[in-house]
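# Observations on the model geometry
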Amino acid sequence: MAHALRPLIDALALEPSREQAAQALARALGGEHLLLCVEDPELGVMLPASGMPKTLAAGASWRALLRQCVCETQIRAEVDVLGRRWHALAAVQRGCAFILLGTAPCNFPKELIEALPLLAELLRAQQALRIGTAEAAEAREAAARAHQLAAALDVARAAAAELNLQLRIQHQHKDEFLAMLAHELRNPLAPVMTGIEILRRIPLDDRTTRD
């Protein structure tokens, strides 16, 4: 039995085929499903390990089991998950939960129990790598957005500088036009203003004024 289980246990280390390996191992142990979860250190909750289904149709009893996995090392319970009621056995090692589901109570063999610490370290490392990769991708996206924003600001500054230059030119043209207009108006108005001033100085009863 141990010789037959070893390749199935080792196959859990391969992330791309982990779900299929877990199903094969579950059947070899007399169960139906083997689910692997890893505790998220920031949230303090159990999440599916990499390579396992990200979402499960589950009820409150399943969520209660996952909460127990955060603080206990071995749990037996009946849970509603994957569309039906199961007997569940959970073994927790270093923040990783290995949960075997079956139509009847099952047990983990010694070979699997001995392998759990190493598998747990592998799952935690893969989760950290996945988080790190996601954070790196997010950082790259943030840097790209910052670069685009900086480029847009540079364009806006250049446009504002060009607009200010145009406004200064237009203002200068306006001043020149007003100065020219004042000069042109001053010349023909000078005789008129002189005549008006002369008329103001002549007494009103002067006959010449009345004529």
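These remarks concern the structure in this document. (Residues numbered from 1 in each chain as written. Predicted model: local features only at pLDDT ≥ 70, side-chain atom pairs only at ≥ 80, totals over all residues. Heavy atoms only, no water.)

## A word on the overall build of the protein chain
- Along the backbone of the protein chain there are five helices and five strands.
- In the protein chain, 49% of the contacts between residues at least 6 apart in sequence involve partners at least 24 apart.
- For the protein chain, the computed accessible surface area is about 13800 Å², with 60% contributed by carbon and sulfur atoms. (Helix = DSSP H or I, 4+ residues; strand = E, 2+ residues; numbered from the N terminus. Contact = heavy atoms within 4.5 Å. Areas by Shrake-Rupley, 256 points an atom, 1.4 Å probe, with all protein chains shown as cover.)

## Looking at the sheet that holds strand S1 (residues 33-40)
- Taken in spatial order, the five strands of this open sheet run S2-S1-S5-S4-S3, and their pairing is antiparallel. At either margin of the open sheet sits one strand with a lone partner, and together these are strand S2 (45-48) and strand S3 (74-81). Each neighbouring strand pair of the sheet contributes to a mean axis angle of 35°, computed without reference to strand direction.
- With respect to the sheet, helix H2 (residues 18-28) is in contact with S1 and strand S5 (96-102), its orientation differing from that of S1 by roughly 130°.
- Seen against the sheet, helix H3 (residues 60-71) touches S1, S2, S3, strand S4 (84-93) and S5 and runs at an angle of roughly 155° to S3. (Pairing = 2+ DSSP bridges. Axes fitted to C-alpha atoms, helices over the stretch in contact; angles between N-to-C directions.)

## What to know about the pattern of salt bridges
- On inspection of all chains with the given rule, the structure shows five salt bridges.
- Ionic pairing is found between Arg85 and Glu78, a salt bridge with its closest N-O pair at 3.6 Å.
- Arg85 gets classed as partly exposed once you look at its relative accessible area, which sits at 42%.
- For Glu78, a relative accessible area of 41% puts it in the partly exposed group.
- With a shortest N-O distance of 3.0 Å, Glu121 and Arg94 are connected by a salt bridge. A residue pair is termed long-range when its members are at least 10 positions apart, and Glu121 in helix H4 (residues 110-201) and Arg94 in the loop between S4 and S5 qualify at 27 residues.
- Within this structure, Glu78, Asp80 and Arg85 form a network of salt bridges that share partners. (Salt bridge = Lys/Arg side-chain N within 4 Å of Asp/Glu carboxyl O. Buried < 20%, exposed > 50% of the residue type's maximum accessible area, 1.4 Å probe, protein only.)

## Section: the packing of aromatic side chains
- Counted according to the given criterion, the structure contains zero aromatic pairs.
- Above the ring of Trp86, the side-chain terminus of Arg84 is found at 4.4 Å from the ring centroid. (Phe/Tyr/Trp six-rings, centres within 6.5 Å; stacked < 30°, edge-to-face > 60°. Lys NZ or Arg CZ within 6 Å of the ring centre and 35° of its normal.)

## Considerations on the environment of Leu112
- Checked against the element boundaries, Leu112 lands in helix H4.
- Assessed through its relative accessible area of 1%, Leu112 is described here as buried.
- Separated by 104 residues in the primary sequence, Leu112 and Leu8 have C-alpha atoms spaced 9.7 Å apart.
- The residues touching Leu112, leaving out its near neighbours within four places in the chain, are Ile9, Leu25, Leu29 and Leu119.

## Digging into unusual backbone geometry
- Even without glycine at this site, Leu82 takes up a positive phi of about 60°.
- Within the secondary structure layout, Leu82 lies in the loop between S3 and S4.
- For Leu82, a relative accessible area of 33% translates into the label partly exposed.
- Phi is positive for Arg94, close to 50°, though the residue is something other than glycine.

## Examining the pairing of S2
- Across four bridges, the pairing between S1 and S2 is antiparallel. Each bridged residue has a counterpart across the sheet, and for Cys37 the counterpart in S2 is Pro48.
- Hairpin connection between S1 and S2: a loop of four residues separates the two successive antiparallel strands, and Gly44 in this loop has a positive phi of roughly 70°.

## Things to note about the layout of surface pockets
- Space inside the largest pocket adds up to approximately 280 Å³.
- Contributing to the lining of the largest pocket are 19 residues, with Met46, Leu47, Pro48, Trp62 and Leu66 lying nearest its centre.
- Secondary structure elements with two or more residues in the lining of the largest pocket: S1, S2 and H3.
- Broken down by element, the residue count for the lining of the largest pocket peaks at five residues, all from H3.
- For the lining of the largest pocket, a count of residues per class yields 14 nonpolar, two polar and three charged. (1 Å grid on protein atoms, 1.4 Å probe; cavity = no way out; pocket = protein on both sides within 12 Å on 5 of 7 lines; lining within 4 Å. Points joined across faces, edges and corners; volume = space filled by probe spheres on them. Nonpolar A, V, L, I, M, F, W, Y, C, P; charged D, E, K, R; others polar.)

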